[in-house]
Amino acid sequence: MQAETTSKAAVSSLVQPKKQSRLANVWRELKKNKHYYILMSPYMLIFFAFTVVPVIFSIVLSFFYFNMLEFPRFVGWQNYSRLFLNDDVFMIALKNTLLFAVICGPISYLACFLFAWIINELSPKVRAFMTLVFYAPSISGNVFFIWLIIFSGDRYGYLNGFLIKFGFMLEPIQWLTNEKYILPIIMIVQLWLSLGTSFLAFIAGLQTIDKSLIEAGAIDGIRNRWQELWFITLPSMRPQLMFGAVMQITSSFAVADISIALAGFPSVNYAGHTIVTHLMDYGTIRFEMGYASAIATVLFAMMLGANKLTQGLLRKVGE
Amino acid sequence: MVTRMMAAFRMPRRLNRSFTVSFMLFAFLAVFGAFMALPLIYAVNNAFKPLNELFLFPPRFFVNNPTMDNFYDLVALMGNSWVPLSRYIVNTLFITIVGTVGHILLSSAAAYPLAKYRFPGSRILFSIVVMSLMFSGHVTAIPNYMVMSWLGWINTHASIIVPSLAFPLGLFLMKQFMEQIPDALLEAAKIDGANEYRIYWTIVMPNVKPAWLTLMILQFPMLWGSDGGNFIYSENLKTLHYALGQITAGGIARAGVGAAVALILMVVPITLFIISQSNVLQTMATSGMKE
């Protein structure tokens with residue numbers, strides 16, 4: 001009897017503190033895991049200071065007029081209404097950025113997969129070599145000035161020289177100052193640079209596909225390579241496909257450096273202008289920080305929206 | 001080479017393929033491989049062309065009489081300038097090495113708890129990192145500039161190095177790769193009395209060497225090619241890529257020297273990739289995103 005009551009008391013004293021406060025519970029949990037927080041803290045500190053907080057800050061700032069000198073003044077939706085209703089150049093930038101996203105995004109994504117798929121069939125040594133050939137441009141990165149020589153406007157430009165020599169034309173074309181050609185040329189160079197991280201992810205993903213799945217598929221009546229691709233290969237590398245999509249979409253919305261390097265800043269009649277170069281214009285030249293933040297916020301929303309949309313589509317692959 | 005590649009295509013694997021199809025695939029790969037490789041080969045050739053070949057009409061692709069003149073010119077040109085070339089190289093190396101090593105250390109330290117344990121906040125933190133893969137650094141450019149100026153970091157190398165330490169892609173790949181480490185290994189270490197930091201340093205880190213190299217191959221070219229952006233104004237703090245821009249801005253007379261610098265900028269990241277390729281692919285195999 002005695003024992004029973006003491007045990008009851010012990011139980012209630014055990015239960016009591018739990019009810020007492022959830023805060024203490026959380027605190028205990030935090031203390032138990034403190035080593036993990038300490039390990040993460042340097043990274044997270046920098047990550048929050050330079051990525052997370054700036055995004056929020058940028059959204060907030062987009063509702064202000066701010067020129068880095070005067071105190072910010074709240075202007076409501078004015079920056080956005082000016083952006084979409086009164087800024088013709090932004091409309092050009094928006095059009096160009098969407099063109100990059102719609103053309104370069106899918107093409108580069110498909111190219112990454114297609115080349116990875118073909119390369120994967122090769123013997124290991126040739127595969128390593130071809131991987132290098134296709135991946136090298138994306139890491140030799142800022143050497144796209146080579147393309148400046150190729151597309152140079154005088155006849156020493158490689159393309160002009162070639163076309164004149166073989167009689168396709170008589171006079172050199174000013175490739176990089178002619179509105180007609182600027183955008184396609186930037187796209188070609190962007191595609192040249194775009195077989196990057198996702199390409200590697202696809203090659204690696206293809207190599208890890210379970211061989212027994214393919215054998216099982218052959219027994220189950222998979223007849224050709226297309227069926228194998230759709231029913232076995234693609235579904236088993238869906239995680240890599242997701243990852244690759246994120247990489248390609250984000251980079252195709254962020255075209256700027258190439259445009260500036262090739263077509264100048266600003267380019268002729270804004271032919272190579274993108275949202276990012278528009279952002280640079282207002283952020284680093286005109287110092288209209290509030291307006292630039294509104295541009296950044298629009299870009300942020302577009303990138304996130306495109307990514308979410310694509311992920312929804314990719315979930316349907318192989319179903 | 002060609003016959004060997006053709007043979008590679010015809011290797012009987014799983015479903016067989018006809019000769020025509022493998023020939024077409026070979027041709028396809030060759031054409032696009034050429035598109036990818038030719039500009040780089042052209043850049044290499046240009047660096048070794050003497051002046052009279054650089055301005056030949058019609059322009060020639062390959063170099064006929066290779067010389068090292070452009071490299072000597074580069075040294076001579078930069079030796080006369082106010083800031084010597086070595087200064088740009090040292091700046092670039094400093095930014096690249098500190099940024100890359102720091103990035104690998106910080107992101108692996110953060111990835112280890114996220115990959116192996118559940119604790120309050122772990123999930124939300126990781127999903128924030130994944131979400132930040134979905135927009136580029138341009139989105140945060142404006143506030144970043146203000147943060148830098150408040151911190152007084154404008155015109156210091158810290159303004160380039162510090163933000164690069166916490167790029168989300170590195171953490172993401174590192175975390176995905178670390179998930180493969182068997183829990184039993186960590187448990188065993190814990191029973192032997194190792195604390196979390198020791199486990200991280202002596203067990204996890206040696207096991208994720210492929211992931212280090214991958215982070216290196218992603219981070220290195222980016223910092224190596226950094227031109228200082230809007231943050232660096234002093235000439236003696238600027239980078240090699242910036243110097244390249246200045247040299248080529250010198251116009252047609254500098255074409256050879258420009259090609260030489262471009263070669264220097266290009267060779268280093270590509271060499272690193274050749275060395276680390278198999279490790280990088282090993283890491284990328286775990287790069288998948290689970291919706």
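Residues numbered from 1 in each chain as written. Chains lettered and ligands numbered in written order. Predicted model: local features only at pLDDT ≥ 70, side-chain atom pairs only at ≥ 80, totals over all residues. Heavy atoms only, no water.

Turning our eyes to something else, we now look at the nonpolar core. Buried together is how nonpolar side chains tend to be arranged in soluble globular proteins. Residues M44(A), F134(A), F199(A), Y112(B), M178(B) and V208(B) are the most contacted members of the largest nonpolar core, which totals 197 residues. Each of two domains, domain 1 (19-61) and domain 2 (80-314) of chain A, supplies a minimum of three residues to this core. Non-local contacts of M44(A), meaning those with residues more than four positions away in its chain, are made with L114(B), L125(B), V129(B) and L171(B). (Core = buried A, V, L, I, M, F, W, Y, C linked by side-chain atoms within 4.5 Å. Buried < 20%, exposed > 50% of the residue type's maximum accessible area, 1.4 Å probe, protein only. Domains from an automatic or database assignment. Contact = heavy atoms within 4.5 Å.)

Moving on, we come to empty space enclosed by the protein. Enumeration over the complete set of coordinates arrives at two cavities of 30 Å³ or more. Looking at the second largest cavity, its volume works out to about 40 Å³. As for the second largest cavity, its lining consists of F145(A), I146(A), I149(A), Y42(B), A43(B), N46(B), A259(B) and A262(B). Those elements that provide at least two residues to the lining of the second largest cavity are α7 (145-150) of chain A together with α2 (19-47) and α14 (255-284) of chain B. Tallied by class, residues from the lining of the second largest cavity come to seven nonpolar, one polar and no charged. (1 Å grid on protein atoms, 1.4 Å probe; cavity = no way out; pocket = protein on both sides within 12 Å on 5 of 7 lines; lining within 4 Å. Points joined across faces, edges and corners; volume = space filled by probe spheres on them. Helix = DSSP H or I, 4+ residues; strand = E, 2+ residues; numbered from the N terminus. Nonpolar A, V, L, I, M, F, W, Y, C, P; charged D, E, K, R; others polar.)

All told, the structure shown has 38 aromatic pairs over all chains when counted by the stated rule. Judged by centre distance (5.5 Å) and plane angle (90°), the rings of F84(A) and F90(A) are edge-to-face. Ring plane angle 45° and centroid distance 6.1 Å describe the contact between F134(A) and F199(A), whose orientation is recorded as tilted. Of this pair, F134(A) sits in helix α6 (residues 124-139) while F199(A) sits in helix α10 (residues 197-207), placing them 65 residues apart in sequence. Under the relative-accessibility criterion, F134(A) is labelled buried at 0%. Taken together, the ring pairs in this structure connect Y36(A), Y37(A), Y112(B), Y117(B), F119(B), Y200(B) and W201(B) into an aromatic cluster. Over the ring of Y291(A) we find R82(A), and its NZ or CZ is 3.9 Å from the ring centre. (Phe/Tyr/Trp six-rings, centres within 6.5 Å; stacked < 30°, edge-to-face > 60°. Lys NZ or Arg CZ within 6 Å of the ring centre and 35° of its normal.)

What follows is about the UniProt feature "transmembrane region" (unreviewed entry) in chain A. All names here are of chain A. According to UniProt, the feature "transmembrane region" (unreviewed entry) maps to residues 36-66, 98-120, 132-150, 181-204, 241-265 and 285-306 in the numbering used here. Split by type, residues 36-66 is 84% helix and 6% strand. Its first and last C-alpha atoms lie 40 Å apart. Secondary structure content for residues 241-265 is 80% helix and 0% strand, while the C-alpha to C-alpha distance between its ends is 35 Å. (UniProt positions renumbered as here; feature names shortened; annotations may be inferred.)

To continue, consider the domain arrangement of chain A. All names here are of chain A. Per the domain assignment, the segments making up chain A are domain 1 (19-61) and domain 2 (80-314). The C-alpha-based centres of domain 1 and domain 2 are spaced at 35 Å. Facing four residues of domain 1, the contacting portion of domain 2 comprises six residues. Both sides of the domain 1 and domain 2 interface together cover about 390 Å² of buried area, and 64% of this is carbon and sulfur. Summed over the three residues of domain 1 that lose the most area to domain 2, namely S58, I59 and L61, the buried surface amounts to 84% of that side. Counting across the interface, domain 1 meets domain 2 through zero salt bridges. Inspection of the domain 1/domain 2 interface yields zero residue pairs in polar contact (both at pLDDT 80 or more). Residues that form the side of domain 1 that touches domain 2 fall into these classes: three nonpolar, one polar and no charged. (Buried area = accessible area lost by both parts, 1.4 Å probe. Salt bridge = Lys/Arg side-chain N within 4 Å of Asp/Glu carboxyl O. Polar contact = N/O pair within 3.5 Å; in protein donor to acceptor, adjacent residues only side chain to side chain.)

We now examine the UniProt feature "transmembrane region" (unreviewed entry) in chain B. Residues and elements named next belong to chain B. Residues annotated in UniProt with the feature "transmembrane region" (unreviewed entry) correspond here to residues 88-112, 124-146, 152-173 and 252-275. In this annotation, residues 88-112 is assigned 100% helix and 0% strand; the end-to-end C-alpha distance for the span is 36 Å. As annotated, residues 124-146 has a helix share of 65% and a strand share of 0%, and its two end C-alpha atoms lie 27 Å apart.

Next up on the list: the interface of chain B and chain A. Interfaces are often sized by the accessible area lost when the parts come together. Contacts between the two partners involve 102 residues from chain B and, on the opposite side, 104 residues from chain A. Roughly 9,100 Å² of surface becomes buried between chain B and chain A when both sides are summed, with 79% attributable to carbon and sulfur atoms. For the interface between chain B and chain A, the tally reads zero salt bridges. By residue class, the composition of the side of chain B that touches chain A is 76 nonpolar, 18 polar and eight charged.

Across chain B, the average pLDDT comes to 83, with 91% of residues at 70 or higher. Here residues 10-14 of chain B is a poorly scored stretch, pLDDT under 50, and it has 10 contacts once near neighbours within four places are set aside; other chains count. (pLDDT = per-residue confidence, 0-100.)

All names here are of chain A. Two numbers describe how helix α5 (residues 88-119) lies on helix α16 (residues 289-314): the axes approach to 13 Å, and their chain directions differ by 30°. Our classification of the angle between α5 and α16 gives roughly parallel. As for how α5 packs across α16, the hand of that crossing is right-handed. Packed against α5, whose contacting residues are F90, L94, T97, L98 and Y109, the element α16 presents I295, V298, M302 and L314 at the interface. (Axes fitted to C-alpha atoms, helices over the stretch in contact; angles between N-to-C directions. Parallel < 35°, antiparallel > 145°, perpendicular 65-115°, else oblique. Left-handed = near helix turned anticlockwise from the far one by under 90°.)

Another point: the packing of helix α3 (residues 34-61) of chain A against α16(A). All names here are of chain A. With their axes 7 Å apart at the nearest point, α3 and α16 run at an angle of 120° to one another. Taken as axis vectors, α3 and α16 run oblique relative to one another. Crossing angle aside, the handedness with which α3 passes α16 is left-handed. Within the contact between the two elements, α3 uses V55, S58, I59 and L61 and α16 uses M289, G290, S293, A296, T297 and F300.

Looking now at helix α4 (residues 78-86) of chain A. Residues and elements named next belong to chain A. The set of residues buried in α4 consists of N79, Y80 and L83. One side of α4 holds all its buried residues, which, seen down the axis, span an arc of 100°. For α4, the exposed residues lying more than 90 degrees away from the buried face are L85 and N86. Elements in contact with the buried residues of α4: α3, β1 (64-65), α5 and α16. (Arc of directions from axis to C-beta.)

All right, on to the environment of A109(B) then. In this fold, A109(B) is placed in helix α5 (residues 85-116). Remark: the alpha-carbon pair of A109(B) and S136(B), spanning 27 residues in sequence, is separated by 23 Å.

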